[in-house]
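Remarks on the overall topology
As a plain string of letters, each chain reads:
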Amino acid sequence: MSQLEGVKVLELASVLAGPSVGQFFAELGASVIKVENIKGGGDVTRTWKFLGETTDDRSAYFCSVNWGKRSLAVDLSKPEGQEIIHLITKQTDVVISSYKPGDAEKLRVDYTTLSSINPAIIYGMITGYGSSNPRVGYDAIIQAEAGFMFMNGEPGGASLKMPVALIDILAGHHLKEGLLLAMIERMKTGKGKVVEVSLIQAALTSLANQATNWLVGKKLPQKQGSVHPNIAPYGEVFRTADNKELMLAVGSDRQFSDLCNVLGLTGVINNEKFSSNSLRVQNRPELFNLLASKIKELNSAWLMTHLNQNRIPAGLIQNIKEALDMPEGKELLLQSNDVKGLRSIAAKFETFNSHFPPPPHLGQHSEEILRESLQYSSEMIEKLVNAGIIK
């Protein structure tokens, strides 16, 4: 039995953050209905295709967070479409939404409306800046405003956005935590509640040590490339003799001593300038040059073998293909016919839902849901299809 078997989830969300939560529940065995706007062509990411992509209505982007769901394509601007959602709500445990401020109320799928139909419902909201702020939130803008872009880049270079919509992903993780806590609370009280996560606060709370570098140490984080502001050598990238890029993440004096022994740099170990982490941070450029000079003489395979044997944190910089070819990557792969994807859950369980459907086509399960969940007759369904209420 899967962890959340029997739990019913209604996903009123699109793009990345909300749908990632829906896939999380699907991976744990919940039944997830993805509600898509019939007028807009469904989840907008169905059309987000990279140059030259030839997929169907399930783009590569869409396939990143929509496994294991059933798609219900409906016109929520019509009373008939709203009635369908209200009837499904009576059978639902968790709702996931990501509407622009005010839209959920207009479509009558907000928490107040749905909780009046099902008081035990748990309603999860992803917003940009909170429900009281009308601004629309986008990952790239949040990265800019929350300080990430200011820190990201090479010294003196342009501010850079991270190549993954990491704030969306972080917000999704925060919402998962909140929903699971609400589910535990409901087991005790029988009552539902609303759980809201804003992109801006998910970003700010994820600043972690960079935030406290300012709050505690009064040091405003600046662009440092990939190097760590508090540890050295940590984040530096070196070139090997066979032209591979190698990164070090040395976090202790013992690891530093072992690194120098592997490289044959005993003189560096005994150099007072590098005898502690704070001194290594202070003398980082000189230390980098000493390490880089030696590393460029050594083959990457030899280096990784000896670094791993001595438990010195190091890794070669890999592309996505190489990363997913690792044994750890292969364990996370999903595949159904010609569609591939990745799990959203890295945690391992004794029992785990290992087989579930690929991302759905738009409206693929509309008739099935109305027939099986709401006992709509064939005549009623045909009438709704002809009226453009469902697809």
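Placed above this text is the structure.
Values in this document were obtained by computation on a predicted structure and should not be read as measured data. (Residues numbered from 1 in each chain as written. Predicted model: local features only at pLDDT ≥ 70, side-chain atom pairs only at ≥ 80, totals over all residues. Heavy atoms only, no water.)

**A few points about the sheet that holds strand E9 (residues 314–316)**
For clarity, the threshold we go by: In this description, strands pair whenever DSSP reports at least two bridges between them. Secondary structure elements are defined from DSSP: runs of H or I of at least 4 residues count as helices, runs of E of at least 2 residues count as strands, and each element is numbered from the N terminus. For helices, the axis comes from a line fit to the C-alpha atoms of the stretch in contact; other axes are also lines fit to C-alpha atoms, and the angle between any two N-to-C directions lies between 0 and 180 degrees. A contact between two residues is defined here by any heavy atoms of the two lying within 4.5 Å.
The antiparallel open sheet is built from three strands, whose spatial order is E7-E8-E9. Here the strands that pair on one side only, and so sit at the sheet edges, are strand E7 (234–239) and E9. Going across the sheet, the axis of each strand differs from the next one's by a mean of 25°, ignoring polarity. Lying on the sheet, helix H13 (residues 284–295) is in contact with E7 and strand E8 (245–249); it crosses E7 at an angle near 40°.

**Concerning the packing of aromatic side chains**
Put simply, the rule reads: Two aromatic rings from Phe, Tyr or Trp, using only the six-membered ring of Trp, form a pair when their centres are within 6.5 Å; if the ring planes differ by under 30 degrees the pair is stacked, by over 60 it is edge-to-face, and anything between is tilted. In this scheme, a residue with accessible area under 20% of its type's maximum is buried, one over 50% is exposed, and one in between is partly exposed, where area comes from a 1.4 Å probe on protein chains only.
Following the criterion strictly, the structure yields four aromatic pairs and no others. With centroids separated by 5.4 Å and ring planes inclined at 85°, the aromatic side chains of phenylalanine 24 and phenylalanine 25 adopt a geometry described as edge-to-face. Look at phenylalanine 24 and you get buried, because its relative accessible area is 9%. The exposure class assigned to phenylalanine 25 is buried, which follows from its relative accessible area of 0%.

**Focus: the side chain of asparagine 283**
If you trace the backbone, asparagine 283 turns up in the loop between helix H12 (277–282) and H13. Using a relative accessible area of 18% as the deciding quantity, one classes asparagine 283 as buried. Those residues within four positions of asparagine 283 in sequence are excluded, and the remaining contacts are Lys273 and Phe274.

**Quick notes on a nonpolar patch on the surface**
Spelled out, the test is: Only residues whose relative accessible area exceeds 30% and that form no salt bridge are eligible for patches; like-charged ones are grouped when within 9 Å, while nonpolar side chains (Val, Leu, Ile, Met, Phe, Trp, Tyr) are grouped when within 5 Å. Accessible surface area values rest on a Shrake-Rupley calculation with a 1.4 Å probe, where residue burial reflects the displayed protein chains alone. For this analysis, a salt bridge means a side-chain nitrogen from Lys or Arg found within 4 Å of a carboxyl oxygen belonging to Asp or Glu.
A contiguous nonpolar patch, built from Phe150, Trp214, Leu215, Val216 and Leu220 and spanning about 530 Å² of accessible area, is present on the exposed surface. Residue position: valine 216 is located in the loop between helix H9 (208–215) and E7. Residue valine 216 is classed as exposed on the basis of its relative accessible area, which comes to 68%.

**Let's talk about helix H1 (residues 17–27)**
Among the 11 residues in H1, 11 count as buried, and that is most of the element. Of the positions making up H1, those classed as buried are Ala17, Gly18, Pro19, Ser20, Val21, Gly22, Gln23, Phe24, Phe25, Ala26 and Glu27. Positive phi shows up at glycine 29, right after H1, with a value of about 100°.

**Focus: the sheet that holds strand E3 (residues 69–74)**
Reading across the sheet, the six strands line up as E3-E2-E1-E4-E5-E6 and stay open at both edges, with parallel pairing between neighbours. The sheet is open, and its two borders are formed by E3 and strand E6 (193–198), each paired with just one other strand. Looking at each pair of strands side by side, their axes are set apart by 20° on average, direction ignored. As paired elements, strand E2 (residues 31–37) and E3 share six bridges and run parallel to each other. By the bridge assignment, isoleucine 33 is partnered in E3 with arginine 70. Running at roughly 160° to strand E5 (residues 122–127), helix H7 (residues 166–189) makes contact with strand E4 (94–97), E5 and E6 of the sheet.

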